[in-house]
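Examining the three-dimensional arrangement
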Amino acid sequence: MEIPYTVKPRPDTGLYNAKVGIWLFLASEVMLFGALFSSYILLRVGAPDGFWPDVATGWPHGLLNIPIGTFNTAVLIISSVTVVMAWAALKQGDFSKFRRFMLVTLGCALGFLCIKTYEYNEKFTHYVIRMKDGTAVTGHLDINGHSPRFWTLATITDKKMTSVKVHVDVPNQFRYPVGMKRPEVSHEAGEHGGGEHAAREIKTADITFLQAFVPATGTFFAIYFTMTFLHGLHVFGGAMVLGYFTFFGRKMYESDPERMTNRIEVGGLFWHFVDLVWIFLFPVMYLL
Amino acid sequence: MHTATTHAPSHGHGHADAHEHHEPGFWSKYVFSTDHKMIGIQYGMTALIFLFFGFLLMLAMRQQLAYPLKPIPIVGNFLAKALGDDMAKGGVMQADLYNAFGAMHGTIMVFLAIVPLAFGAFGNYVTPLQIGAPDMAFPRLNMASYHLYFWGGVVMLASFFVPGGAAKSGWTSYSPLATLADRDHLVNGQTMWLIGMVLLITSSLLGAVNFITTIIQLRAKGMTWMRLPFFVWAQFVTGFLLLLAFPPLEAAGIMQLVDNVLKTSFFLPSGLVTSGGPVPISGGGSPLLWQHLFWFLAHPEVYVLILPAMGVVSEIIANNTRKPLWGYKSMVYAVLGIGFLAFIVWAHHMYLTGMGTKISTFFQTTTMMISIPSVIILTALFISLWGGSIRFNTPMLFALAFLPMFGIGGLTGLPLGFNASDIYLHDSYYVIGHFHYVVAPGTIFGLFAGVYFWYPKATGRYMSELLGKIHFAGSFLCMNLIFAPMFVQGLRGMSRRMYDGGATYFGGGLGADPGILELNKVITHSAVLLGFFQLPFIFNFFWSLYAGKKVESDNPWSATTLDWQTPTPPPHGNFAVEPVVYRGPYEYSVPGAAKDFTPQSQPG
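Residues numbered from 1 in each chain as written. Chains lettered and ligands numbered in written order. Predicted model: local features only at pLDDT ≥ 70, side-chain atom pairs only at ≥ 80, totals over all residues.

1. What to know about the overall build of chain B
The number of helices and strands found in chain B is 21 helices and two strands. In terms of overall size, chain B behaves like a compact globule, its C-alpha atoms giving a radius of gyration of 24 Å where 604 residues would be expected to give roughly 25 Å. Summarising its shape, the C-alpha atoms of chain B cover approximately 75 × 50 × 45 Å along the three principal directions. Within the span of chain B, comprising 604 residues, buried residues form 57% of the whole. If you take every contact in chain B between residues at least 6 apart in sequence, the share linking residues at least 24 apart comes to 79%. (Helix = DSSP H or I, 4+ residues; strand = E, 2+ residues; numbered from the N terminus. Rg over C-alpha atoms; globule rule 2.2 N^0.38 Å. Buried ≥ 20, exposed ≤ 12 C-beta atoms within 10 Å, placed from the backbone. Contact = placed C-beta atoms within 7 Å.)

2. Quick look at the interface of chain B and chain A
Counting residues at the interface gives 35 residues for chain B, matched by 33 residues for chain A. Residue assignment for the side of chain B that touches chain A shows that the elements contributing at least two residues are helix H9 (189-217), helix H10 (230-261) and helix H11 (287-321) of chain B. Per-element tally for the side of chain B that touches chain A: the top contributor is H10 of chain B, with ten residues. Tallied by class, residues from the side of chain B that touches chain A come to 21 nonpolar, eleven polar and three charged. (Nonpolar A, V, L, I, M, F, W, Y, C, P; charged D, E, K, R; others polar.)

3. Topic: the nonpolar core
Residues Ile212, Val313, Val335, Phe398, Phe402 and Ala449 of chain B are the most contacted members of the largest nonpolar core, which totals 261 residues. No other element matches helix H6 (residues 95-131) of chain B, which puts 22 residues into this core. Taken domain by domain, this core gets at least three of its residues from each of domain 1 (23-122 + 217-287) and domain 2 (125-215) of chain A. Apart from the residues within four sequence positions on either side, Phe398 of chain B is in contact with Phe445, Phe448, Ala449, Tyr452 and Phe472 of chain B. (Core = buried A, V, L, I, M, F, W, Y, C linked by C-beta atoms within 7 Å. Domains from an automatic or database assignment.)

4. Let's talk about the packing of H10 of chain B against H11 of chain B
Residue and element names in this part refer to chain B. Contact geometry of H10 with H11 gives a least axis separation of 8 Å together with a crossing angle of 160°. Taken as axis vectors, H10 and H11 run roughly antiparallel relative to one another. The handedness of the crossing between H10 and H11 comes out as left-handed. Looking at the contact of H10 with H11, its residues break down into 24 nonpolar, five polar and two charged. (Axes fitted to C-alpha atoms, helices over the stretch in contact; angles between N-to-C directions. Parallel < 35°, antiparallel > 145°, perpendicular 65-115°, else oblique. Left-handed = near helix turned anticlockwise from the far one by under 90°.)

5. Looking at the environment of Thr217 of chain A
Positionally, Thr217 of chain A belongs in the loop between strand E5 (207-212) and helix H5 (219-248). As for Thr217 of chain A and Leu153 of chain A, which are separated by 64 residues in sequence, their C-alpha atoms are 13 Å apart.

Here it is as structure tokens:
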């Protein structure tokens, strides 16, 4: 039994089966991420009036690392170019050229995921602390010279620490919505040069809330982590498929080059979609 | 190993024996099969089991409604032992158990029984045959769909036994209720429900991609779009509904899962306080967001439930009236219209959320508009009966019963589509009566009709007509005795959420209405009776495999469509010769033709 049009296109539709399938699948993916972007809008519009530094209630701005995000965007766009070059190389019948370009694509995918992991770790060691007097700060804890992950107020009380050293963030222009006046900042820790990380001892008794930037910290972080993680899974999945064809595709290429080229085209379409999602995610999460 | 090949009348025994050593082993034939027919049967058997299980959950609930706080007969002690005192102390159904059974009844019936039966089983078995394809476009993806569905079902069943019991916030799982129930258990019923749903949704998405691709790409030579049987059109539109409506629920499910596991606040508002004090969450989320995302799926889902049944019924009516369907083209455009409108009516489930008048006017308008194509299809089917010499066999009886039952279900939906009347009827038994008329005597009758109709093709034997007619008559009577009284109860204001059936509410002197409560007993007894009337079907289904009357030919119903032009049962690859289509799907009683049916594959 032979299923028709697995390789050759059907004359009246001009498409082979897998190409129809991937476009349908991408349509459902559009609905999946579309729903998540819609949720982002609804959550943001409905967010309470609080703002940084009380990231737990309002909609925070500028807490993500824009230079790194920009770099990661470039990494993904490059991978999108190389995946087309790899497909074109297969079309020209040059398997080793295909493999070279595909290795660059996979390198980009790995790089993207590594950078994303680094960014996640940055968030997990970055804290929001709310005080009894109603004020709040963000910053990194300083426990023997480094900031631990995932601490809460309970961690500090369990360790019977009477105070905790915090490198407090100094707000920059990114951290307020456009048009909002930036409050005066006292450079109390001038001995550090008055930069971003003024160290400060905060008494445990004064703290009412302490949490790293994890999903539970606020709806912004909730949607940020959910969407970027889901996107990361897509990058991972796409890289696995493309990687499989890169390393184990030669046999299929030699027996049926057109079939192999189709596979890469379909995988490439998915890869472009994954990039496209990021191209929306980056401005929405980092810049707006 | 014994196989079903001996039932094939169109194969000589020598032929079958020659192929014996090619027979795949048990695992690859029955479990990891990539053949669309075997996958269809897997879907069908699994879905029928879930259908029965979902029915049993409902029986236990109905017992509680008719006889509040009395021990559940037969299974009461078992439930007390298996689920603990919180759920079934002394065999009496506790509120939590009622809620869990209610939520799981809805979930199981919709996602594990009807959709898999209508789309997974019939879609898989019949669609490739009717379009003249050797198999689905992606056979291995098809297998993956079934396995994901199966494991989704296992997760759902396992959820009864986690601490705190299964999900108990309704099949709609509204937050914050769903998120806060059993929050102190790390793995709770709601979490299991969400994991199960993600598996089921993924299964449906892969299935939808596969079905649509198959219909677009694998139509036989000459099978143009307007020569497709209506069943295929119905499956095609159903595929698009699943493909585009399910992902938003997957997104919502993922977000609620994150709410449950990582304690985020996607759907939890600020300042949430329960009896245990303020809930330690960041807040800032939106409970309405869940409802929008949920109903964005769940309204199209209604059409996912009904369209395949309409497709089945259309095939059977055309075949048994020996006439072409009246208005085939109108039906096709109507089903496409339903498919489009289905996406813009969802918020009519949310009139009570305080939406503005402009928004509610929009959704009332679209809701009224979608009834038009539904009525077109139903009217076309009714007119198709006109002047036919009808063969009243079991599939036809079920198909005929579908028409008025779906009619009642659809028409009683109109008052729910209007804001003003919905505010009164919302959350009452009227709603339950309405959608059950659509799905139970509507869709399920359509699917029963399909089982009786295609059984001879799948097995080479008829199901017993006598048992079939007993099954039909009993089910028809009981279904109406169950669901018609619910309209009365609902119009009298009985809420659908009271686990003692309203005994406290009505009995406490608050508008005491014993008549309304008496109806609970009528409904419960009819439900038990309905269960007994399924026994002939179950017996018939298995008994006929071995002892049913053998079919005389490959086309026992003298049908026109390609599914009947295959060997019986169809072998791997389906067709002995590649089929070519020369005509439309319903050329019955063509004047001047040699017989009263002209198969699509007949040249000339």
